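Geometric and topological summary
This is what each chain is made of:
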Amino acid sequence: MMKRARPYLVTLWLLWLGGGASTAHQERPNIVIIVADDLGWNDVSFHGSNQIPTPNIDALAYDGIILNRHYVPPLCTPSRASLMTGKHPMNIGMQDHVIISDEPWGLGLDQKLMPQYFREAGYRTHLVGKWHLGFFRRAYTPTYRGFDSHFGYLGPYIDYWDHSLQMNETSARGLDMRRNTAVNYDANGTYATDLFNDEAVRLIDSHNRSKPLLLVLTHLAPHTGNEDDPLQAPADEIAKFDYIQDPKRRTLAAMVSRIDTGVGRIYRSLERRRMLNNTIILFYADNGAPTLGIHANSGSNYPLRGQKESPWEGAVRGAALIWSRLLPRKGVVSNQWLHVSDWLPTLGHAAGIRIPPNASPIDGQNQWSTLTSSSSGGRTVVMNNAHNEFTYSSYIKRGWKYVNGTSFKGAYDVWLGQLKDGEQISHEDYYKRLIASQSIGSSMQLTRDDVKRLRAKAMVECPSAQGTVCEPLKRPCLFNIVEDPCERNNQANAYPYILRELETDVNGYRKRSVPSRQQPPDSRADPARHNGTWTWWLEGLGTPSPTHNLQQLFSTFQSFMEYFMALFAKVEAKLLAKQKYSPWEGAVRGAALIWSPLLPRKRVVSEQWIHVSDWLPTLGHAAGIQSIPAGGPIDGQNQWLTLQSASVDGRTVVMHNVDRRYGYRSYMKQGWKYINGTTARGIYDGWLGQLSDQEDQIPEEDYFAQLLNDSFIGGSMLLSEEQSDVERFKRDALPPRNQPSDSRSDPALHNNTWTWWQDEMDEQQHMAPYILYLAAAIEILLILIVLWCGHRYCTRSRTKTEPKDAKLANK
């Protein structure tokens, strides 16, 4: 009984092993990501402006790395989708549009998200603030996508005080504030930015430090609220910026200042909990500010051109920094190209999490080495977007930027948000605020000279003179974005070959992109139908529930295997001697290679024997997994040492098959191969697949000299010992699982579809391991009962015979 249960126990062991392998590292860094919504390039002071001082954000920038070429999609939903998946929005159908709360679509459930990777590695994962990746079904909401908790809102924006959303003046107003999946009414009346800062601090203060932390704080600010009252901030905060004449800009300054206060509180909380030395803090804007037009917040991207939802730098080049004591570099301005999709593989690398590489050059790339060294080469291509609705394209390659088309008929294609002279604090006042006791800069050694030097490097300087004019609605434009970051001089005529190269790239990416997932509005989402709340409205059968522990273990093991299998290239197999489903080499000897910088050997042809079953113990050993059980002589063997050195002995036995249907056997030992019987009556036992004469081939005689060499098939074979081995393997082999045909599978019986037709049998097979466990338990229980009853019987018999024995003794 236990022998039959063994395969299931091994399976469970491997699942446990996969889960344990991802959580074994106890020094994984805590990761805090803070995202500001619609924050302009010029709305933080580390880029040189003193109008809106952000001393806490700036302190992290000066003591960390200012990311001066950090690129993001030009809209909220695509930007968040890219962060969560590590993929470009064009490759997952999340480009072009934001999710409006009454539209039934979201980030595809087939995508694995950042919190899922990190939770599998033992992290506690929390989202605070904005989601905006879909909620029409519960399965699309944060706690069903890998986050342990979510406190915030699901849609695009809310009122800062009562947390309601009214998309336009005709739609119903609904509350959009949640703690996990439950509607939260208690937060009403608390300013949203303070609410989210409070929650972030609470999570840090209550965090169990035995596990690493992933905290993603996605602020509402400084995005506008509802159209009836778009810009909101506490009156006392607004009063601090009375030197700004424009009341909208003054309120925006207060909104940004409240974010800055929260950054300081989060830093102090990490410091108080002694978590700061092992923490990475990333701060960035999800896209540029909309100075004018829809959801305008008076933000400034100046001197960059344009604004949110456009092809220009003002939309896609965002304010960003990273800070950590784990980074060897600090107090620098990085001009290396970064895209928001890079953060999943980059932070995953920092956390020791293996994340499969993406196939597209516009998807996320591991940039950890570029953060740790200024000499490391990183990204050279940035696809901003190839927008289908507005038909504009924005693409950067090797410092050249291609722009074709624009948005809103070019109404916002100029340099917006230039600040007025006199509406800012002095440099002396700025530095005092930076190192004041209430600022985190007070705990950093920030000299006035260092601050001045870094601010100068972080500022974008543009020539005042206008070069050749770009008219993107008439013809494509080309900019040297390194020398001309403000996109003032169109060089399309001067470098037509570069223009054509970039245009070809863009057309290729657009052609390969996934169609947009956007769906039209659905009136059933109306909050009036859901007790005045925005909630999921298309619940139905098959809605997933939060990930189960066993599912997590299986997913971890699956990810582990996917990562290592990505190391192998898929090579088209060429027949060696015979073909598939036979005892010959053409069926069992396949084209294969392995590549890794971890291997000391390269550019070699290995003649060592390897069987496909060897890869689990071999790759498991490479991953540091020591508890994969060893099999028999024909089962998987750890071949890691044979891959590293040609002198190491490895496998000597390869069992191809003992086929009971055709009665053939194919077996190798110490270089000798035994064959008995064949398939299809031997009609395919010749040397098939001969190639015709072509110039791109090696000469035919060289090919066949290798193919038909006697060492491949053996001239004369000593089969006596090998024969006995084959018989033993045949005797011990399990019966084959194939079954005769079943007429009940006929598509005519199932509405002309091929489908399953034995559900009850499947359920029985699914329950098989549990039946085996139950049977084993009953068997053990019966043995214990028999032993216990036998013991009781012997004791009772001994007690009954004692008086008689005593009488005999007296006599």
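Model, not experiment: these values are computed from the prediction. Counting starts from 1 at the beginning of each chain's written sequence and moves along it residue by residue. Per-residue local features are limited, in this predicted model, to residues with pLDDT of at least 70; the limit for side-chain atom pairs, both in listing and counting, is 80 or more; totals at the level of whole chains, interfaces and linings are taken over all residues. Working from all heavy atoms in the structure, the side-chain values ignore hydrogens and water.

1. Section: the overall build of the chain
Here is the rule we go by: Each helix is a run of DSSP H or I of at least 4 residues and each strand a run of E of at least 2, with the numbering of both proceeding from the N terminus. By the convention used here, residues are in contact when the closest approach between their heavy atoms is within 4.5 Å. Shrake-Rupley sampling with a 1.4 Å probe provides the accessible areas, and residues are treated as covered by the protein chains on show and by no other component.
From N to C terminus, the chain includes 21 helices and 22 strands. A separation threshold of at least 6 residues defines the contact pool for the chain, and within that pool the share at least 24 residues apart is 70%. Approximately 40,500 Å² of the chain is accessible, and the part contributed by carbon and sulfur atoms is 53%.

2. Examining a nonpolar patch on the surface
Our working rule: Residues with no salt bridge and a relative accessible area higher than 30% make up the patches, which join like charges within 9 Å and nonpolar side chains (Val, Leu, Ile, Met, Phe, Trp, Tyr) within 5 Å. Take a side-chain nitrogen of Lys or Arg and a carboxyl oxygen of Asp or Glu: if they are within 4 Å of each other, that pair is a salt bridge.
A surface patch of nonpolar side chains, about 470 Å² in accessible area, is lined by Leu-774, Ile-778, Leu-781, Leu-782 and Ile-785. Along the chain, Leu-782 falls in helix α21 (residues 759-810).

3. Concerning the side chain of Ser-745
Applied cut-off: Residues adjacent in sequence count toward polar contacts only when both atoms are side-chain atoms; beyond that, a polar contact is any pair of N or O atoms within 3.5 Å, and within protein one must be able to donate a hydrogen and the other to accept it.
Tracing the chain through its elements places Ser-745 in the loop between α20 (720-732) and α21. A polar contact of 2.9 Å, which involves the side chain of Ser-745, links it to the backbone oxygen of Asp-742. Not counting chain neighbours up to four residues away, the residues in contact with Ser-745 comprise His-750, Trp-754 and Trp-757.

4. A closer look at the state of the cysteines
The condition is simple: Cysteine sulfur atoms that pair up within 2.5 Å are treated as a disulfide.
Across all of its chains, the model carries two disulfides by this definition. A sulfur-sulfur separation of 1.4 Å characterises the disulfide bridge that pairs Cys-462 with Cys-486. Here Cys-462 and Cys-486 share a disulfide; its torsion about the S-S bond, 55°, makes the bridge right-handed. Residue Cys-462 is located in the loop between α12 (448-458) and β19 (477-480), and its partner Cys-486 is located in the loop between β19 and α13 (496-512); the two are separated by 24 residues in the primary sequence. What pairs with Cys-470 in a disulfide is Cys-477, and their sulfur atoms sit 2.0 Å apart.

5. Observations concerning the nonpolar core
Cut-off, in case you're wondering: In these notes, a set of buried Ala, Val, Leu, Ile, Met, Phe, Trp, Tyr and Cys residues joined through side-chain atoms within 4.5 Å is what counts as a nonpolar core. Using a 1.4 Å probe on the protein chains alone, a residue whose accessible area is under 20% of its type maximum counts as buried, one over 50% counts as exposed, and one in between counts as partly exposed.
Judged by nonpolar contacts, the single largest core of 122 residues is most densely connected at Phe-118 and Phe-196. Ranked by the residues each element gives to this core, the list is headed by helix α7 (residues 247-272), at ten residues. Residues in contact with Phe-196, not counting those within four places in the same chain, are Val-128, Gly-129, Phe-151, Gly-152, Tyr-153, Met-177, Leu-217, His-219 and Leu-220.

6. Notes on the environment of Thr-533
Locating Thr-533 in the fold gives a position in the loop between α13 and α14 (549-565). Distance from Thr-533 to Leu-165, taken between C-alpha atoms, is 9.0 Å for residues 368 residues apart in sequence. Discounting chain neighbours no more than four positions away, the residues touching Thr-533 are Gly-174, Leu-175, Val-183, Tyr-185 and Pro-527. At a separation of 2.7 Å, a polar atom in the side chain of Thr-533 contacts the main-chain carbonyl oxygen of His-530.

7. Considering the environment of Ile-440
For Ile-440, the position within the fold is in the loop between α11 (427-434) and α12. Residues Ile-440 and Ala-59, 381 residues apart in the sequence, show an inter-C-alpha distance of 6.7 Å. Discounting chain neighbours no more than four positions away, the residues touching Ile-440 are Asn-56, Ala-59, Leu-60, Gly-264, Tyr-267 and Arg-268.

8. A short note on empty space enclosed by the protein
Over the atoms, a rolling probe the size of a water molecule traces out where space has been left empty. Where we set the bar: Any residue with an atom within 4 Å of a point lines the site, the site being either a cavity, points on a 1 Å grid over the protein atoms alone where a 1.4 Å probe fits but cannot get out, or a pocket, an open set with protein on both sides within 12 Å along at least 5 of 7 lines. Grid points are joined across faces, edges and corners, and a volume is the space filled by probe spheres set on the points. We call Asp, Glu, Lys and Arg charged. Ala, Val, Leu, Ile, Met, Phe, Trp, Tyr, Cys and Pro are nonpolar, and the rest, Gly among them, are polar.
Applying the stated criterion across every chain yields a total of four cavities of 30 Å³ or more. Along the wall of the largest cavity there are 13 residues; nearest its centre are Arg-80, Leu-83, Met-84, Val-216 and Thr-218. Every element with two or more residues in the lining of the largest cavity is listed here: α3 (76-85), β4 (124-130) and β10 (213-218). Per-element tally for the lining of the largest cavity: the top contributor is α3, with three residues. Grouping the amino acids of the lining of the largest cavity by side-chain chemistry returns nine nonpolar, one polar and three charged.

9. A short note on the environment of Asn-507
Summarising the element assignment, Asn-507 is placed in helix α13. Residue classification places Asn-507 among the partly exposed residues on the basis of a relative accessible area of 46%. Residues Asn-507 and Ser-393, spaced 114 residues apart in sequence, show a C-alpha to C-alpha distance of 9.3 Å.

10. Notes on the pattern of salt bridges
Applying the stated criterion across every chain, the model contains 33 salt bridges. Where Arg-258 meets Asp-194, a salt bridge forms, and the shortest distance between an N and an O atom there is 2.9 Å. With Arg-258 in helix α7 and Asp-194 in helix α5 (residues 192-205), this residue pair connects regions lying 64 residues apart in the sequence. Note that Asp-505 is salt-bridged to Lys-397, the shortest N-O span being 2.9 Å. Of the two residues, Asp-505 is situated in helix α13 and Lys-397 in strand β17 (residues 392-397); the sequence distance between them amounts to 108 residues.

11. Description of the packing of helix α2 (residues 55-63) against α11
Packed helix pairs are characterised by how far apart their axes lie and by the angle those axes make with each other. Heads up, the condition is: To get an axis, fit a line to the C-alpha atoms, keeping to the stretch in contact for a helix; angles then go from 0 to 180 degrees between the N-to-C directions. Orientation is classified from the angle alone, with under 35 degrees giving roughly parallel, over 145 giving roughly antiparallel, 65 to 115 giving roughly perpendicular, and any other angle giving oblique.
Two elements in contact, α2 and α11, have axes separated by 9 Å at closest approach and are oriented at 80°. For the element pair α2 / α11, the angle class is roughly perpendicular. Residues Pro-55, Asp-58, Ala-59 and Tyr-62 of α2 pack against Tyr-430, Arg-433 and Leu-434 of α11. Residues belonging to the contact of α2 with α11 are distributed by class as follows: five nonpolar, no polar and two charged.

12. Re α13
Quick note on the threshold: The span expected for a helix works out to 1.5 Å for each residue beyond the first.
When the terminal C-alpha atoms of α13 are compared, their 24 Å separation across 17 residues agrees well with the 24 Å that a helix rising 1.5 Å per residue should span. When α13 is considered as a whole, its buried residues turn out to be Ile-498, Leu-499, Leu-502, Asp-505, Val-506, Gly-508 and Tyr-509. Here the buried face of α13 lies against β16 (381-387), β17, β18 (400-404) and β19.

13. Overview of the confidence of the model for the chain
Applied cut-off: Confidence scores per residue from the predictor, reported as pLDDT, run from 0 to 100.
Summarising the model, the chain shows a mean pLDDT of 84, and 81% of its residues fall at 70 or more. This model gives residues 541-552 a pLDDT under 50, and the stretch forms twelve contacts once residues within four places in sequence are excluded. Contacts from residues 803-811, a stretch scored under 50 in pLDDT, to residues over four places away or in other chains number zero contacts.

14. Considering α5
Taking 1.5 Å of rise per residue, 14 residues should cover 20 Å, and α5 covers 20 Å from first to last C-alpha, within 8% of that figure. Of all 14 residues making up α5, ten are buried, and the element is well covered by its neighbours. Those residues of α5 not exposed but buried are Ala-192, Thr-193, Leu-195, Phe-196, Asn-197, Glu-199, Ala-200, Val-201, Leu-203 and Ile-204. On the buried face of α5, the contacting elements are β4, β5 (149-153), β8 (178-179), β10 and α7.

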